[in-house]
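Commentary on secondary and tertiary structure
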Amino acid sequence: MTKKMQDALNIQCNAELESFYIYLAMANDLESKGYKGSAHWMSLQADEEYDHYKQFSSFISDVEGSVSLEGINKPTTTWATIQDVFESGLAHEKTISKKINALVSIAKLEKDYSAENFLQGFVTEQVEEEVTFRDILTELNMIKDNSAGLLMFDKGLGNRSQIK
Ligand code: MG
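Residues numbered from 1 in each chain as written. Predicted model: local features only at pLDDT ≥ 70, side-chain atom pairs only at ≥ 80, totals over all residues. Heavy atoms only, no water.

So, the side chain of Glu125
Among the structural elements, Glu125 can be located in helix α4 (residues 113-143). A relative accessible area of 7% means that Glu125 is categorised as buried. If near-sequence neighbours (up to four positions away) are discounted, Glu125 is found in contact with Glu48, His52 and Lys164. (Helix = DSSP H or I, 4+ residues; strand = E, 2+ residues; numbered from the N terminus. Buried < 20%, exposed > 50% of the residue type's maximum accessible area, 1.4 Å probe, protein only. Contact = heavy atoms within 4.5 Å.)

See the structure below:
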């Protein structure tokens with residue numbers, strides 16, 4: 001693997017850990033707002049991001065590269081409404097999609113076919129992540145501040161059992 005590719009993949013390791021941290025902060029905020037089901041969902045979302053980090057770091061090791069960790073920025077810790085939490089989540093996933101696409105461009109330039117192949121899974125993953133957040137937001141925008149609707153919505157998110 002070229003140094004350019006390795007550096008770019010290491011930056012993504014950090015971006016995935018930062019996503020983990022952001023979703024943990026969102027889970028804490030949802031919990032404090034009384035949305036227990038949504039907090040559970042978001043905590044699994046954080047676990048999923050940690051899994052993404054592990055996939056990136058394992059790939060770097062598999063191709064005999066070295067993983068080097070950097071600091072993680074302090075995340076936002078409170079949002080005005082539950083809608084704002086998921087709006088921020090969608091906006092965040094869009095920035096991650098751009099980063100993944102940029103990595104694919106680097107892999108192509110570096111003629112790194114194994115990295116390109118590895119990254120394809122994340123191109124697909126990002127489409128799914130954006131759809132997931134967009135669908136949740138659509139529901140929340142229909143419910144607005146209807147308390148019965150919010151209660152049902154929160155129970156629904158509480159049923160998430162896996163990171164995928
Ligand atoms: Mg991710």
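Details of unusual backbone geometry
Even without glycine at this site, Glu64 takes up a positive phi of about 60°. Along the chain, the position of Glu64 falls in the loop between α2 (36-62) and α3 (82-109).

Topic: the side chain of Glu16
One can find Glu16 in helix α1 (residues 3-32). Given a relative accessible area of 0%, Glu16 falls into the buried group. At a separation of 3.3 Å, a polar atom in the side chain of Glu16 contacts the side chain of His52. Apart from residues no more than four positions distant in its own chain, Glu16 is found in contact with Glu49, His52, Tyr53, Phe56, Ile96 and Ile100. (Polar contact = N/O pair within 3.5 Å; in protein donor to acceptor, adjacent residues only side chain to side chain.)

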